[in-house]
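Structural overview for review
In case you want the letters, here they are:
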Amino acid sequence: MKVAVVIVAAGKGVRAGGELPKQYRSIVGEPVLRRTLRAFADHPRITSILAVIAEGQEDRFADAASGLPKIAPPVPGGAERQASVLRGLEALAREEPDIVLIHDGARPFVSSATIDRVIDAARRDSGAIAALPVSDTLKRAGDGPVISGTVPRDRLWRAQTPQGFRFEEILDLHRQFSEREDMTDDASLFEAAGRPVTLVEDDPTNIKITRPEDFALAERLLESAMETRVGQGFDVHAFEDGDHVTLCGVDIPHTQKLRGHSDADVGMHALTDAIYGALAEGDIGQHFPPSDEQWRGAPSEVFLRHAAELVKKRGGRILHTDVTLICEAPKVGPHREAMRGALAEIMGISLDRVAVKATTTEKLGFTGRGEGIAAQALVTVTLPAS
Ligand SMILES: Nc1ccn([C@@H]2O[C@H](COP(=O)(O)OP(=O)(O)OP(=O)(O)O)[C@@H](O)[C@H]2O)c(=O)n1
Ligand SMILES: C[C@](O)(CO)[C@H](O)COP(=O)(O)O
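Conventions we followed
Residues numbered from 1 in each chain as written. Chains lettered and ligands numbered in written order. Predicted model: local features only at pLDDT ≥ 70, side-chain atom pairs only at ≥ 80, totals over all residues. Helix = DSSP H or I, 4+ residues; strand = E, 2+ residues; numbered from the N terminus. Rg over C-alpha atoms; globule rule 2.2 N^0.38 Å. Buried ≥ 20, exposed ≤ 12 C-beta atoms within 10 Å, placed from the backbone. Contact = placed C-beta atoms within 7 Å. Axes fitted to C-alpha atoms, helices over the stretch in contact; angles between N-to-C directions. Parallel < 35°, antiparallel > 145°, perpendicular 65-115°, else oblique. Left-handed = near helix turned anticlockwise from the far one by under 90°. Pairing = 2+ DSSP bridges. Core = buried A, V, L, I, M, F, W, Y, C linked by C-beta atoms within 7 Å. Near = placed C-beta within 6 Å. Nonpolar A, V, L, I, M, F, W, Y, C, P; charged D, E, K, R; others polar. Expected span 1.5 Å × (residues − 1). UniProt positions renumbered as here; feature names shortened; annotations may be inferred.

1. Quick notes on the overall build of the protein
Of the regular secondary structure elements, the protein holds twelve helices and 18 strands. Here the protein has a C-alpha radius of gyration of 27 Å; the compact-globule value for 386 residues is 21 Å, and the former is much larger. Projected onto its principal axes, the C-alpha coordinates of the protein cover approximately 85 × 50 × 35 Å. Each of the 386 residues in the protein was classed as buried or not, and the buried ones make up 41%. Within the protein, counting contacts between residues at least 6 apart in sequence, those at least 24 apart form 72% of the total.

Next comes the structure, spelled out in structure tokens:
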């Protein structure tokens, strides 16, 4: 069975304010729209995802969708949500999906369970929407903010998305009602045609980012669903004849160099291992075996970038890193800021989250005798709680 998704993301986000349309603004380091797309990209029953976006937002969309599977090239939206949905459905027509889910790009917290329930009900009943029973007492206002009456809440539900339908039926109705453009959701078209639509109970966290304060609420929701992990790494490289060492991405003239299969950047290796450790994803030797000739002389930023990318792919974020270089020479102090800058750039985090320190071992042990350099690193990472 083919289950396609139309993600409508062509709105201006006027009520949310801000310089960027709300779907491209970040919540805890990641654009709203990327979170929405990933919820469907990760779902095993979804076969394809088509986004409807505003003209001129192609680059922002490409960033938001980068690396995610099943995503088709986006199509341009219309003036109202309804028009955007129609354009998305028309673009899917050649694919002939059995079921289509229509979802707001501005609802990044849709759960896998809600997606499943809407698919099941749409297959069975031909139209189904995620919704929440109203639990507050409802008041109708008069001309000003004064109550003119109480609306019985019995049998009232708040419509959310995804809304799922047999594809041919909803496409046909959107074509029929394309002149109206006054329908704020897709179930309204089924209702106007006298067709039943099943209400599927949703999760209250499936909020639509609509007003400025919704960003703070979204951050709180997300943070409560994250866990913090600490990783640690340690590495040593011996000196051999040479004229410079590479430490935390910075070349430093020296009377010797560090021996290694790659560029032997001992600080970056410790940091990379700390990240793999926080993810429980093995170690640097497992991802980049020293027996593999392609890594001979490789710049270690390749390894660090890979580890940082893994954090991103798991929906996480590097909160802070702390590297300690242990050597008698060269002096690290004059290069500390350059090292911090290089590490921050590679990991895609801000400078104030990156520490580089140095110490000697008071001429004791192998580092004290100047036989090599050791490094240790700590990292804290937040990840979606497992
Ligand atoms: N012409 C439009 C209008 C809205 N949407 C999308 O429909 C969803 C729900 O709409 P809403 O929350 O009202 O978003 P905006 O129209 O962007 O918000 P506003 O009304 O505050 O401008 C959003 O994901 C929005 O991007 C769309 O694709 N095309
Ligand atoms: C479709 C919808 O999300 C259902 O709640 C909503 O109606 C769309 O947003 P809008 O603010 O009504 O455009």
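There is more to say, and it comes next.
2. So, the packing of helix α8 (residues 266-279) against helix α10 (residues 301-313)
Between α8 and α10, whose axes approach to 9 Å, the crossing angle comes to 20 degrees. Here α8 is positioned roughly parallel relative to α10, judged by the angle of their axes. For the element pair α8 and α10, the recorded crossing hand is left-handed. Residues M268, L271, T272, I275, Y276 and L279 of α8 pack against E301, F303, L304, A307, A308, L310 and V311 of α10.

3. Focus: the sheet that holds strand β18 (residues 372-384)
Pairing is mixed across the open sheet formed by five strands, whose spatial order is β15-β12-β18-β16-β17. With partners counted over all chains shown, the strands left at the sheet margins are β15 (256-258) and β17 (354-359), one partner each. On average, each strand axis in the sheet is inclined to that of its neighbour by 20 degrees, with strand direction left out of account. Where strand β12 (residues 226-241) and β15 come together, three bridges link them in antiparallel fashion. Pairing of F239 across the sheet is with L258, part of β15. Sitting on the sheet, α8 touches β12, β15, β16 (317-326) and β18, and the angle it makes with β12 is about 150 degrees.

4. As for unusual backbone geometry
Each neighbour pair has its own omega, and for T161 with P162 the value is 15 degrees, a cis peptide bond. Relative to the assigned elements, P162 resides in strand β10 (residues 157-166). A cis amide bond, omega 5 degrees, links A329 with the succeeding residue P330. Relative to the helices and strands, P330 is located in the loop between β16 and α11 (336-347).

5. Observations regarding the nonpolar core
If you look at soluble globular proteins, the nonpolar side chains tend to sit buried side by side. Ranked by size, the top nonpolar core spans 59 residues in total, and within it V6, I49 and V100 carry the most contacts. Here the element with the most residues in this core is strand β1 (residues 3-9); it accounts for seven residues. The residues touching V100, leaving out its near neighbours within four places in the chain, are A4, V6, L89, L92, F165, F167 and I170. With 41 residues, the next largest nonpolar core counts L247, A308, M347 and V381 among its residues.

6. Brief notes about the site of ligand 2
As a matter of local geometry, ligand 2 sits amid R81, D104, A159, Q160, T161, T184, D185 and K208. Of the residues that constitute the shell around ligand 2, the class distribution is one nonpolar, three polar and four charged.

7. Structural notes on α8
The end-to-end C-alpha distance of α8, which contains 14 residues, comes to 20 Å, matching closely the 20 Å that a straight helix rising 1.5 Å per residue would cover. Counting buried positions over the 14 residues of α8 gives 13, a clear majority of the element. Once α8 finishes, A280 follows within two positions and takes phi at roughly 55 degrees, a positive value.

8. Quick word on the pairing of β12
Across a regular strand the side chains alternate sides, sitting on one face of the sheet and then on the other. The pairing of β12 with β18 spans 13 bridges and is classified as antiparallel. Considered in β18, the bridge of A238 is made with G372.

9. Some thoughts on the pairing of β1
Extensive coverage of β1 is indicated by the burial of seven of its seven residues. Looking at chain direction, β1 and strand β6 (residues 99-104) are connected through six bridges and run parallel. Bridge assignment links V3 to a residue of β6, and that residue is I99. In terms of strand pairing, β1 meets strand β4 (residues 48-53) through six bridges, oriented parallel. Bridge assignment links A9 to a residue of β4, and that residue is I53.

10. Overview of the UniProt feature "site: Positions MEP for the nucleophilic attack" (unreviewed entry) in the protein
UniProt annotation of "site: Positions MEP for the nucleophilic attack" (unreviewed entry) refers to R153 and K208 when read in the numbering used here. Within the secondary structure, R153 sits in the loop between β9 (147-151) and β10. When the 13 C-beta atoms within 10 Å are taken as the criterion, R153 is described as partly exposed. Every residue in contact with R153, bar those within four places of it in the chain, is listed here: V134, T137 and L138. Positionally, K208 belongs in the loop between β11 (198-201) and α7 (213-224).

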